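This is what each chain is made of:
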Amino acid sequence: ILVITADHGGTPMPEISNAERYTMKELVAVINTLLPEKVRNTESLISFMTIAQISLNHEVLKKNSITKEQIVDKIMSIKVNHKPFFKKVFTKADLK
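The shown structure was predicted, so the numbers you read here are calculated from the model rather than taken from an experiment.

Conventions and cut-offs
Residues numbered from 1 in each chain as written. Predicted model: local features only at pLDDT ≥ 70, side-chain atom pairs only at ≥ 80, totals over all residues. Heavy atoms only, no water. Pairing = 2+ DSSP bridges. Helix = DSSP H or I, 4+ residues; strand = E, 2+ residues; numbered from the N terminus. pLDDT = per-residue confidence, 0-100. Phe/Tyr/Trp six-rings, centres within 6.5 Å; stacked < 30°, edge-to-face > 60°. Buried < 20%, exposed > 50% of the residue type's maximum accessible area, 1.4 Å probe, protein only. Lys NZ or Arg CZ within 6 Å of the ring centre and 35° of its normal. Contact = heavy atoms within 4.5 Å. Salt bridge = Lys/Arg side-chain N within 4 Å of Asp/Glu carboxyl O.

Comments concerning the pairing of strand β1 (residues 46-49)
Bridging between β1 and strand β2 (residues 54-56) involves three bridges; their strand directions are antiparallel. Across the sheet, M49 pairs through a bridge with I54, a residue of β2. With antiparallel pairing between neighbouring strands as the criterion, β1 and β2 make up a hairpin whose turn holds four residues.

Laid out in structure tokens, this is it:
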């Protein structure tokens, strides 16, 4: 049996589904508010990001004593139009 799909599990565009849009650029900016203000323009807690994954910059986390739990809490605190935007954040440990 061969099954072919093109949706890759993606959600409909917010404009079509009457949902809210939140960009990766906005997400990185919010996460980086955990950094001291003086380094926010030169350092990032994010190494790279895709639509479904965030790779943390462990060197910057360690240097600034920021934990993965703080990152998760920051992401979960994001609201759009006074409603939580994310329902759950899965870490690498959650997926094992």
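Topic: the confidence of the model for the protein
On average, the protein scores 88 in pLDDT, and the residues at 70 or more come to 89%. Confidence, read as mean pLDDT per element, is least for helix α1 (residues 14-17) in the protein (79) and greatest for helix α3 (residues 58-63) (97).

Comments concerning the packing of aromatic side chains
Enumeration over the complete set of coordinates arrives at three aromatic pairs. Ring geometry for Y22 against F86: centres 6.5 Å apart, planes inclined by 85°, an arrangement best described as edge-to-face. Of this pair, Y22 sits in the loop between α1 and α2 (24-31) while F86 sits in the segment after β4 (83-84); the two residues are 64 residues apart in sequence, bridging distant segments of the chain. We classify F86 as partly exposed; its relative accessible area is 22%. Here the aromatic rings of F85 and F86 are separated by 5.0 Å at their centres, their planes lie at 80°, and the arrangement is edge-to-face. Since its relative accessible area comes to 28%, F85 is described here as partly exposed. Here a set of aromatic residues connected by ring pairs shows up, and it is made of Y22, F85 and F86. Taking the ring centre of F90 as reference, the NZ or CZ of K88 above it sits at 5.3 Å.

Observations concerning the side chain of E43
With respect to the element layout, E43 can be found in the loop between α2 and β1. On the basis of relative accessible area, E43 is assigned to the buried category, the value being 16%. The residues touching E43, leaving out its near neighbours within four places in the chain, are N32, L35, V60, K63 and N64.

Thoughts on the environment of T91
As for its position among the elements, T91 is in the segment after β4. Residue T91 is classed as partly exposed on the basis of its relative accessible area of 28%. Taking C-alpha positions, T91 is 8.6 Å from K68, a pair spaced 23 residues apart along the chain.

What to know about the pattern of salt bridges
By the definition in use, this model includes one salt bridge. Residue E43 pairs with K63 through a salt bridge whose shortest N-O separation is 2.4 Å. Here E43 is found in the loop between α2 and β1, whereas its partner K63 is found in helix α3, with 20 residues between them in sequence.

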